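These are the residues of each chain, in order.
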Amino acid sequence: MGARGGGGGKMAAAGGTAGRPAAAAPARLPCSAWLLAAAALIAVKVSAVEVNTPEEIFVENGTDAKLPCTFTSVEVISSAASVSWSFQPEGAATRISFFYYFNGKPYPGKDIPFKDRITWAGDLNKKDASISISNMQFRDNGTYICDVKNPPDIVVKPGEIRVRVVEKDSLPAFPIAMVAGIVIGTVTGLSPLISIVVCLVIRKNNSKKRYSGDPDIDARLGM
């Protein structure tokens, strides 16, 4: 009897398992759906705006400075394009936004230290986002960041310019004397070579004049 009861328990357990609903198998997308998704990803072209600026420029104290910034973008420049400039003072950890250009209009910052000193010097149609700052001061030493947006292109990295303001008249003037010295040195160095070539030409002409050989031999030799 005990054995039968045990068998009945096994049968009840089996019956309980059979009564539970089976787990639903995960849905599988057909191959055509995967192909359509891959085609959609390929169709979406994501490109980047590349911003170009010089690494470092020197400016004399009290003079105007142009901060050059150019960019490349495969998209057509539209009214949605914008330019923003920010400044990180020397030794500071934070940046100050001081200029914004959008929809064909410049919005210079009115806060110190750049109040009434910023001028738009670029042309987005020529992919130029440059600005000018008047009356540069020593407090303007630092890093200037040029950020250009032209949707749907994305910006990978803004351009950064390190500006160093120096004492007036401390920058070297155009080295005219140096250029003149280089020209004179080049001409002087070439003079011996020119003299050798002239001497060889004169000697060749003189040798032809002094030669009096057999005309038949000359004709065969092409002389």
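Computed from a predicted structure; not experimentally measured.

*Asks:* Go over the overall build of the chain with me, naming the residues and quoting the values.
*Replies:* Along the backbone of the chain there are four helices and twelve strands. Within the chain, the proportion of its 223 residues that are buried is 23%. Accessible surface, the chain as shown: approximately 16,000 Å² in total, 62% of it carbon and sulfur.

*Asks:* Go over the pattern of salt bridges with me, naming the residues and quoting the values.
*Replies:* Per the stated rule, a full pass over the model turns up five salt bridges. Residues R164 and E56 are paired through a salt bridge, measuring 2.4 Å at the closest nitrogen-oxygen approach. Of this pair, R164 sits in strand 12 (residues 159-166) while E56 sits in strand 2 (residues 56-60), and the two are 108 residues apart along the sequence. For R164, a relative accessible area of 29% corresponds to the partly exposed category. By relative accessible area, which is 37% here, E56 ends up partly exposed. For D147, the salt bridge is made with K149, and the minimal N-O distance between the two is 3.0 Å.

*Asks:* So what's going on with the state of the cysteines? Which residues, and what values?
*Replies:* Two cysteines joined by a covalent bond between their sulfur atoms form a disulfide. The tally for this structure, following the rule as stated, stands at one disulfide. Paired through a disulfide, C69 and C146 show a sulfur-sulfur distance of 2.1 Å. Its S-S torsion of about -80° marks the bond between C69 and C146 as left-handed, since a negative value means left-handed. Separated by 77 residues along the polypeptide, C69 in the loop between strand 3 (65-67) and strand 4 (70-72) and C146 in strand 10 (residues 142-149) bring together distant segments of the chain. Per residue, the accessibility class of C69 equals that of C146, and both read buried.

*Asks:* Describe in detail a nonpolar patch on the surface, supporting the description with residues and values.
*Replies:* Residues Y100, F102 and Y107 make up a contiguous nonpolar surface patch of about 290 Å² in total accessible area. One can find F102 in strand 6 (residues 96-102).

*Asks:* Can you tell me about the pairing of strand 1 (residues 48-52), naming the residues and giving the values?
*Replies:* Burial along strand 1 is one-sided: V49 and V51 are buried, and none of A48, E50 and N52, which face the opposite way, are. Sheet topology places strand 1 next to strand 11 (residues 154-155); two bridges connect them, and they run parallel. By the bridge assignment, A48 is partnered in strand 11 with I154. As judged from the three bridges shared by strand 1 and strand 4, these two strands associate in the antiparallel manner.

The rules behind these values
Residues numbered from 1 in each chain as written. Predicted model: local features only at pLDDT ≥ 70, side-chain atom pairs only at ≥ 80, totals over all residues. Heavy atoms only, no water. Helix = DSSP H or I, 4+ residues; strand = E, 2+ residues; numbered from the N terminus. Buried < 20%, exposed > 50% of the residue type's maximum accessible area, 1.4 Å probe, protein only. Areas by Shrake-Rupley, 256 points an atom, 1.4 Å probe, with all protein chains shown as cover. Salt bridge = Lys/Arg side-chain N within 4 Å of Asp/Glu carboxyl O. Disulfide = S-S within 2.5 Å. Patch = residues over 30% accessible without salt bridge, like charges linked within 9 Å, V, L, I, M, F, W, Y side chains within 5 Å. Pairing = 2+ DSSP bridges.

Any functional reading would require information beyond the geometric quantities listed.
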